[in-house]
Amino acid sequence: MNVLIVYAHPEPRSLNGSLKDFAVSVLTNAGHQVQVSDLYAMKWKAVADGDDFPQRNTNERLDYGSASGIAFTNGTQLPEIATEQEKLLWADVVIFQFPLWWFSMPAILKGWIDRVYAYGFAYGVGAHEGKHWGNRYGEGTLKGRRAMLVVTLGGREPQYSKRGVNGYIDDLLFPINHGVLYYPGMTVLPPLVVYQARRIQEEEYKKLCKVYEQRLLTLNTTEPIPYRLQNGGDYDDQQELKPELEGNATGLTIHQAKIPNFLEKSGI
């Protein structure tokens, strides 16, 4: 397989840095091809602005989405953006690895999404009318690829339980899993979540590596999160879930075709 790791942590000697290197080693030794987009090492520009379109008419109001679509269609994107898009198209699996900062991804990774997910590439694909409001949520340019989050947190696991004060981890990651990965078509695997990352000791780290190794070696066979297809008949003409399909599900789980019997843990 071709595996792309999009990695966002500023310190190479961190737990995240170690896990990234570990993943590259495991995957390479298993015969897979690996590319890493180390965003801090690349000094990735996080801000999506007019500088991304040097050929645009600066006298006109900037509509970033439209400008990204024109640049994508005309082949005038900045090389750094086009290169990351090529990596996504090359990959069979994409791993996004980052620490959860203020309940979301680091700004540099959000900036990667903002700039690489150009109009016509990751969104704005397909007809937008009636029942079919675009090729998205299970369809789109990145369909056929698998994606997985590897996320480290400082808090304790109970704080991210269904009754935890920080909010349920599945709900916190929903905007990324469903909105960033599934939206352009990728099949989404359950995340690997590492709690109390700053407190991990050597023995705990060894156990974590065993868990992560197993996840890496089963990327192609792990049961994905069963998100519903937008255009598969479960949603009405306004893309609202048909009420009879909710069953006993609540909250964001209504967007899963079934509630799987898994809660992925770090195993430590």
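Cut-offs applied
- Residues numbered from 1 in each chain as written.
- Predicted model: local features only at pLDDT ≥ 70, side-chain atom pairs only at ≥ 80, totals over all residues.
- Heavy atoms only, no water.
- Buried < 20%, exposed > 50% of the residue type's maximum accessible area, 1.4 Å probe, protein only.
- Helix = DSSP H or I, 4+ residues; strand = E, 2+ residues; numbered from the N terminus.
- Pairing = 2+ DSSP bridges.
- Core = buried A, V, L, I, M, F, W, Y, C linked by side-chain atoms within 4.5 Å.
- Contact = heavy atoms within 4.5 Å.
- Phe/Tyr/Trp six-rings, centres within 6.5 Å; stacked < 30°, edge-to-face > 60°.
- Patch = residues over 30% accessible without salt bridge, like charges linked within 9 Å, V, L, I, M, F, W, Y side chains within 5 Å.
- Areas by Shrake-Rupley, 256 points an atom, 1.4 Å probe, with all protein chains shown as cover.
- Salt bridge = Lys/Arg side-chain N within 4 Å of Asp/Glu carboxyl O.

Re the pairing of strand E3 (residues 93-99)
Summarising burial for E3: seven of the seven residues are buried, a large majority. Burial along E3 is two-sided: Val93, Ile95, Gln97 and Pro99 facing one way and Val94, Phe96 and Phe98 facing the other are all buried. Sheet topology places strand E1 (residues 2-7) next to E3; five bridges connect them, and they run parallel. If you follow Val6 over to E3, its bridge partner there is Phe96.

What to know about the nonpolar core
In terms of nonpolar packing, the biggest core is built from 46 residues, with Leu88, Phe96, Phe98, Leu109, Trp112 and Tyr117 touching the most fellow members. Sorting the residues of this core by element identifies E1, helix H3 (79-90), E3, helix H4 (107-116), strand E6 (146-152) and helix H5 (169-182) as the ones contributing at least two each. In terms of residue count, H5 provides more of this core than any other element does, eight residues in total. Not counting residues within four places of it along the chain, the set of residues in contact with Leu88 comprises Leu4, Val94, Trp112, Val116, Tyr117, Phe121, Leu142 and Arg145. Counting 23 residues, the second-largest nonpolar core is a separate cluster that includes Leu27, Val93, Val194 and Leu219.

A short note on the packing of aromatic side chains
The full count for this structure, using the stated rule, is 11 aromatic pairs. With a centroid separation of 5.8 Å and 65 degrees between ring planes, the pair formed by Phe72 and Phe121 is classed as edge-to-face. With Phe72 in helix H2 (residues 64-74) and Phe121 in the loop between H4 and strand E4 (128-129), this residue pair connects regions lying 49 residues apart in the sequence. Residue classification places Phe121 among the buried positions, given a relative accessible area of 2%. Relative to Tyr183, the ring of Tyr137 lies with its centre 4.9 Å away and its plane at 70 degrees, an arrangement referred to as edge-to-face. Here Tyr137, found in the loop between strand E5 (132-133) and E6, pairs with Tyr183, found in the loop between H5 and strand E7 (187-188); they are 46 residues apart in sequence, far enough to count as distant. An aromatic cluster of three or more residues is present, and its members are Tyr137, Phe174, Tyr182, Tyr183 and Tyr227.

Details of unusual backbone geometry
You will see that Lys43, though not glycine, has its phi angle at about 55 degrees, which is positive. For Gln239, which is not glycine, the phi dihedral falls at a positive 60 degrees. Mapped onto the elements, Gln239 comes out in the segment after helix H6 (202-217).

Brief notes about a nonpolar patch on the surface
Taken together, Trp101, Trp102 and Phe103 make up a surface patch of nonpolar side chains, about 430 Å² in accessible area. For Trp101, the location among the structural elements is in the loop between E3 and H4.

Observations concerning H5
Most of H5 is tucked away: 10 of the 14 residues are buried. Turning to H5, its buried residues number three or more, namely Ile169, Leu172, Leu173, Phe174, Ile176, Asn177, His178, Val180, Leu181 and Tyr182. Contacts made by the buried residues of H5 are with E3, H4, E6, E7 and strand E8 (192-194).

Thoughts on the environment of Ala8
Tracing the sequence through the fold places Ala8 in the loop between E1 and helix H1 (15-29). Note on Ala8: relative accessible area 0%, which makes it buried. The spacing of Ala8 and Ile108 is 100 residues in sequence and 7.1 Å in space, taken between C-alpha atoms. With residues near it in sequence (within four places) discarded, Ala8 still touches Leu39, Tyr40, Gln97, Phe98, Pro99, Pro106, Ile108 and Leu109.

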